[in-house]
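An overview of the molecular structure
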Amino acid sequence: MTHRGTPPPRTRWIRAVRIVLPALLVVLWLAGASVGGPLFGRIDEVSSNDRTAYLPTSAEATQVQKAAEAFTEGDTIPAIVVVTTDGAGDGTLSEDQLRGVQDALASAEDIDQAAGSASPPIPSDDGRAVESFVPLDADADLGAAVSDLETALAADLPEGTTSYVTGPAGFSGDLTEAFSGIDGLLLGVALAAVLAILLIVYRSALLPFMVLATSMFALCAALAVLWHLANAGVLLLSGQTQGILFILVIGAATDYSLLMVARYREELRAVPDRGVALLRAIRGTAEPILASGGTVIAALLCLLLSDLRSNSTLGPVAAIGIAFAMLSALTFLPALLFLAGRTAFWPRRPLYDPAEAERSEERLVTRGLWAGVARRVERHPRRLWIGVVLVLCVACAGLLQLRADGVSQSELVLGDSQARTGQEVLGEHFPGGSGSPAQILVPQGQLQETADRLLDADGVESVSARSSDAPSGSAAVTADGIRGGAAPRVEDGRVLLEATLADAPDSAAAETTVRDLREDLPQDALVGGETATAIDTDDASVHDRNLIIPVVLAVIAAILVLLLRSLLAPLLLIATTALSFGAALGVSALVFDHVLDFPGADAAVPLYGFVFLVALGIDYNIFLMTRVREESLAHGTRPGILRGLTLTGGVITSAGIVLAATFAALAVIPILFLAQLAFIVAFGVLLDTFVVRTLLVPALAFDVGRSVWWPSRLARRAERAD
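Report on the accompanying structure. (Residues numbered from 1 in each chain as written. Predicted model: local features only at pLDDT ≥ 70, side-chain atom pairs only at ≥ 80, totals over all residues. Heavy atoms only, no water.)

Observations regarding the overall build of the protein
A tally of regular secondary structure across the protein gives 23 helices and 11 strands. Within the protein, the proportion of its 722 residues that are buried is 55%. Taking the intrachain contacts of the protein between residues at least 6 apart in sequence as the baseline, contacts between residues at least 24 apart amount to 80%. As displayed, the protein has an accessible area near 29300 Å², and 57% of this comes from carbon and sulfur atoms. (Helix = DSSP H or I, 4+ residues; strand = E, 2+ residues; numbered from the N terminus. Buried < 20%, exposed > 50% of the residue type's maximum accessible area, 1.4 Å probe, protein only. Contact = heavy atoms within 4.5 Å. Areas by Shrake-Rupley, 256 points an atom, 1.4 Å probe, with all protein chains shown as cover.)

Structure, rendered in structure tokens:
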């Protein structure tokens, strides 16, 4: 017996469960965020920016680098210190200045990150500069290590001299400093951009922050998993991977949230109960969200086929991020929406009014911007899609100017770089390859033969062998043998030779020299070092894009066939997305060359741009075509295409702008690769959003008509409905 107005126990229990379950979901996500949140700023503890660490184990540079550890002082990285005179007097360094430089180098050994003694200063032939090599701990924060070294030198150098820190440690320090803004600057810019767009889209005081929380909680949960996997040695992280992860999770989670919120708002107008409305919204969006996220994950996992660990490790890292983005959009956001109810949309709360909801939908498909676009598609479909294809083909012509054969290490960091300046100064007074020699691992019995070929090779200034005196010692090698009587150090029957190149180690001339050495030296000789690492990296990148791009297309096509129950529609979507990618890359090549004046592009840029643009571009086609298929079941193919375009136009456009803005945020990190990827993906997403998905795909599908669903049953049903 219950009192009048009091709901029966069963009803009260159901209401309690409906509140408890969403609240429990929110608590679980809060717990996950509490684990991942504190890890922001600690990624450097489990990451590495060493280029050799990402090469395949079969690469020559990798084999030499691993074997060379036995010949050196352990896991160190050399900093090259160049000290020059300001030109006073006769323009050369005086005896007092040379003694002062030696004293300064001695004090520089006291910095915390030093891993040994600095070499004695070596004067240049012109007497205007000296160079020294300071070994630093490779596991230290190289940005801080180089900064401390610069500070120590500046405090003790004699008047009239200037020092520069360059070489492998200097350039690694530049990269470390450039990536230091990921946890703060990059994340802040990306979140601010997304928040601004959401405030404009929703004009709500609460909803933008709920969507932003969905993205951040997904990122925190992903970070918690990835940090511990990297700490256990299962995954390899870098600053580049970290930046892409942040952007990808924020952009994808926001896009999925936009789709969920738009459908929930529709259902709130059609049904009185917020729980029923939410369930209907989840049913309507789960398939496109899971298909979209699954497509991106499948494309990313294709990177596991890569020879480069920088690519193969990005696949699972980003895939885990996308998985959490989907999970957050399908669980955490719905829980928040249910608990907030219609108040989430305040001050523009959607009211229950089925008649008005139906009228609003009809107004949407007959009036306004997207209805106007649909009418244009309906009137001139063939003229429209042919015209768009021609324009995109013209844009693809820019691919002829794309220079994606790799860039020198000194060009990786944008803006000022003391390491780059130091490398230029070094080249003015010493052989360009000083401090970063080519390393040749050779059997002991072939030592002199290999040395003779090295000494005769163009582009090689001098040759030395690691000596047995000390791990850091070396002895010059001449045509008459090892000078000075020091015996070479032998490890596993092999000797390590070091060839100082005439050109800077990251120059095209040095790469030509190393490639020639690999051809001319005895078969058992292995060539490594900084230049060889760059060569092997670029070669592996070219191999990867030739292999992975066709595989990604095949995988995405298979997913679309299963999703759309059609063969023709997936082929059309793949073709239009690939054309969009080509146009985006062509325009980007022109901008890089003639507007931004970039020195070229990393060899991995086309592959990364393809994976992200094709996978994410297909997302919007999935959002569109799943709704078109739904509408086609009720209204026929051609009306369904027009209705799907108008009903999804606003939300997909908002999603595209959000994703473009988040990827554009990558440009705040002064790394050439990230700046180029930011432009390619941001421009490509906007091109796909406003041209391909808005005009090309609807017009092409409309022109094809019922056959677009061939050979599914919908093609036959659509034929009768049309």
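Now that the structure has been shown, the text picks up again.
Section: the pairing of strand β5 (residues 438–443)
Burial within β5 is extensive, with 5 of its 6 residues counted as buried. Examined bridge by bridge, β5 and strand β10 (residues 494–501) share 6 bridges and lie antiparallel to one another. Directly across from Leu 441, in β10, lies its bridge partner Leu 496. With 3 bridges joining them, β5 and strand β11 (residues 526–528) adopt antiparallel strand pairing. Opposite Leu 441, over in β11, you have Leu 526 as the bridge partner. (Pairing = 2+ DSSP bridges.)

Quick notes on helix α21 (residues 637–664)
Within α21, the axis deviates most sharply at Gly 649, by approximately 50 degrees. Within α21, 23 of the 28 residues are buried, which leaves it mostly tucked inside the rest of the structure. (Bend = angle between axes of the 7 residues up to and from the residue.)

Things to note about the packing of aromatic side chains
Under the defined criterion, the tally for this structure stands at 11 aromatic pairs. Relative to Phe 610, the ring of Phe 581 has its centre 5.2 Å away and its plane inclined at 85 degrees; by these criteria the two rings are edge-to-face. Taken as a pair, Phe 581 in helix α19 (residues 568–594) and Phe 610 in helix α20 (residues 605–635) lie far apart in primary sequence, 29 residues in all. Here the two residues Phe 581 and Phe 610 agree in accessibility, since each one is buried. (Phe/Tyr/Trp six-rings, centres within 6.5 Å; stacked < 30°, edge-to-face > 60°.)

Here's the deal with the pattern of salt bridges
Tallying each qualifying case throughout the model produces 15 salt bridges. For Arg 489, the salt bridge is made with Glu 491, and the minimal N-O distance between the two is 3.2 Å. On the accessibility criterion, Arg 489 (21% relative accessible area) is partly exposed. Arg 627 is the salt-bridge partner of Glu 631, the closest N and O atoms lying 3.2 Å from each other. (Salt bridge = Lys/Arg side-chain N within 4 Å of Asp/Glu carboxyl O.)

Remarks on the packing of helix α13 (residues 368–379) against helix α22 (residues 672–704)
Viewed as axis vectors pointing N to C, α13 and α22 meet at an angle of 40 degrees, and their least axial separation amounts to 9 Å. Considering their axes alone, α13 and α22 lie oblique with respect to each other. Relative to α22, α13 is oriented so that their crossing is right-handed. On the side of α13, the interface is formed by Trp 370, Val 373, Val 377 and Glu 378, while α22 contributes Arg 693, Thr 694, Leu 695, Pro 698, Ala 699 and Phe 702. Residue classes in the contact of α13 with α22 are distributed as 7 nonpolar, 1 polar and 2 charged. (Axes fitted to C-alpha atoms, helices over the stretch in contact; angles between N-to-C directions. Parallel < 35°, antiparallel > 145°, perpendicular 65-115°, else oblique. Left-handed = near helix turned anticlockwise from the far one by under 90°. Nonpolar A, V, L, I, M, F, W, Y, C, P; charged D, E, K, R; others polar.)

Examining the side chain of Thr 648
Tracing the chain through its elements places Thr 648 in helix α21. At 2.7 Å, the side chain of Thr 648 forms a polar contact with the backbone oxygen of Gly 644. Apart from the residues within four sequence positions on either side, Thr 648 is in contact with Phe 623, Leu 624 and Arg 627. (Polar contact = N/O pair within 3.5 Å; in protein donor to acceptor, adjacent residues only side chain to side chain.)

Topic: the side chain of Ser 292
Looking at the secondary structure, you find Ser 292 in helix α9 (residues 274–301). Not counting the four nearest positions on each side in its chain, Ser 292 is found in contact with Tyr 256, Asp 619, Ile 622 and Phe 623.

Topic: the pairing of strand β4 (residues 161–166)
If a strand is regular, its side chains alternate between the two faces of the sheet. Counting buried positions along β4 yields 5 of 6 residues, so the element is predominantly enclosed. Pairing analysis gives 6 bridges linking strand β1 (residues 76–85) to β4, with the strands arranged antiparallel. Each bridged residue has a counterpart across the sheet, and for Ile 80 the counterpart in β4 is Thr 166.

A short note on a nonpolar patch on the surface
Taken together, the side chains of Val 20, Leu 21, Leu 24, Leu 25, Val 27 and Leu 28 define a hydrophobic patch exposed on the protein surface, amounting to about 530 Å² of accessible area. In this structure, Val 20 sits in helix α1 (residues 9–36). (Patch = residues over 30% accessible without salt bridge, like charges linked within 9 Å, V, L, I, M, F, W, Y side chains within 5 Å.)

A word on the environment of Ala 540
On the secondary structure map, Ala 540 appears in helix α18 (residues 530–564). Considering only alpha carbons, one finds Ala 540 and Asp 307, 233 residues apart in sequence, at a separation of 6.0 Å. Residues within four places of Ala 540 in sequence aside, it is in contact with Asp 307 and Leu 308.

What about the sheet that holds strand β3 (residues 129–137)?
Two strands in a sheet stick together by hydrogen bonds in their backbones, pointing the same way (parallel) or opposite ways (antiparallel). An order of β2-β3-β1-β4 is seen for the 4 strands of this open sheet, with the pairing classed as antiparallel. In this open sheet, the two strands that pair with only one neighbour each are β2 (122–123) and β4. Here β2 runs beside β3; their pairing, made up of 2 bridges, is antiparallel. Across the sheet, the residue bridging to Pro 123 is Val 130, located in β3. Docked against the sheet, helix α15 (residues 418–429) engages β1, β3 and β4, running at close to 110 degrees with respect to β4.

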